[in-house]
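Letter by letter, the chains look like this.
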Amino acid sequence: MSLFCCDNRRSCVTAAVIASVIVGVVAAFLTFAGTIAVTPAFLWVVFGIAVGFLAIALASTSLIQGTVPCRSFCSALNALLIGVLGTVLFALVLLAVSFAATSIIGAIITGALLLFFALVLTAAACLVKCIVNCNN
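All values derive from a computational prediction rather than experimental measurement.

Regarding the state of the cysteines
Thought 1: Enumeration according to the criterion identifies 1 disulfide in this entry.
Thought 2: Here cysteine 12 pairs with cysteine 126 through a disulfide, and the sulfurs are 2.1 Å apart. Given an S-S torsion of about -80°, the disulfide between cysteine 12 and cysteine 126 has left-handed geometry. Of this pair, cysteine 12 sits in helix α1 (residues 12-33) while cysteine 126 sits in helix α4 (residues 104-133), and the two are 114 residues apart along the sequence.
Thought 3: Using a relative accessible area of 3% as the deciding quantity, one classes cysteine 126 as buried.

Take a look at the structure:
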């Protein structure tokens, strides 16, 4: 727990961003190699989850009632909002435009989508951790 404490230089959000970049790069490579495919049903599910996490972000800001529970609350909330906006944007792009299964552009956009989606999930975990565990 002390590794990702709010007082430490290596915050939970930094770890979330690093993990998300790794997921995005691996997903782009696997998409280009033809190992994974992104279906419209998956895109709609990711879009819905991102909108749901946007509602969670709005609820978490209304629950704190003017007092910030942790110094890293704002950075975790910013990472969550960036992840939600990126996920929604790239999901809509992939829904609107049909790419070939092994095209480079499609692989990059799919990697970006999964990068932002992983950021949504990890930043939400950081936000919950910050609200629950930090006492400063």
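Having put the structure on the table, let's press on.
Remarks on the packing of helix α2 (residues 40-63) against helix α3 (residues 73-96)
Thought 1: Here α2 crosses α3 at 155°, and the two axes come no closer than 9 Å. When the axis of α2 is compared with that of α3, the two are roughly antiparallel. The way α2 lies across α3 gives a crossing that is left-handed. Across from Pro40, Leu43, Trp44, Val46, Phe47, Ala50, Phe53, Leu54, Ala57, Ser60 and Thr61 in α2, the residues of α3 making contact are Phe73, Leu77, Leu80, Leu81, Val84, Thr87, Val88, Ala91, Leu92, Leu94 and Leu95.
Thought 2: The class makeup of the residues in the contact of α2 with α3 is 19 nonpolar, 3 polar and no charged.

Calculation criteria
Residues numbered from 1 in each chain as written. Predicted model: local features only at pLDDT ≥ 70, side-chain atom pairs only at ≥ 80, totals over all residues. Heavy atoms only, no water. Disulfide = S-S within 2.5 Å. Helix = DSSP H or I, 4+ residues; strand = E, 2+ residues; numbered from the N terminus. Buried < 20%, exposed > 50% of the residue type's maximum accessible area, 1.4 Å probe, protein only. Axes fitted to C-alpha atoms, helices over the stretch in contact; angles between N-to-C directions. Parallel < 35°, antiparallel > 145°, perpendicular 65-115°, else oblique. Left-handed = near helix turned anticlockwise from the far one by under 90°. Contact = heavy atoms within 4.5 Å. Nonpolar A, V, L, I, M, F, W, Y, C, P; charged D, E, K, R; others polar.

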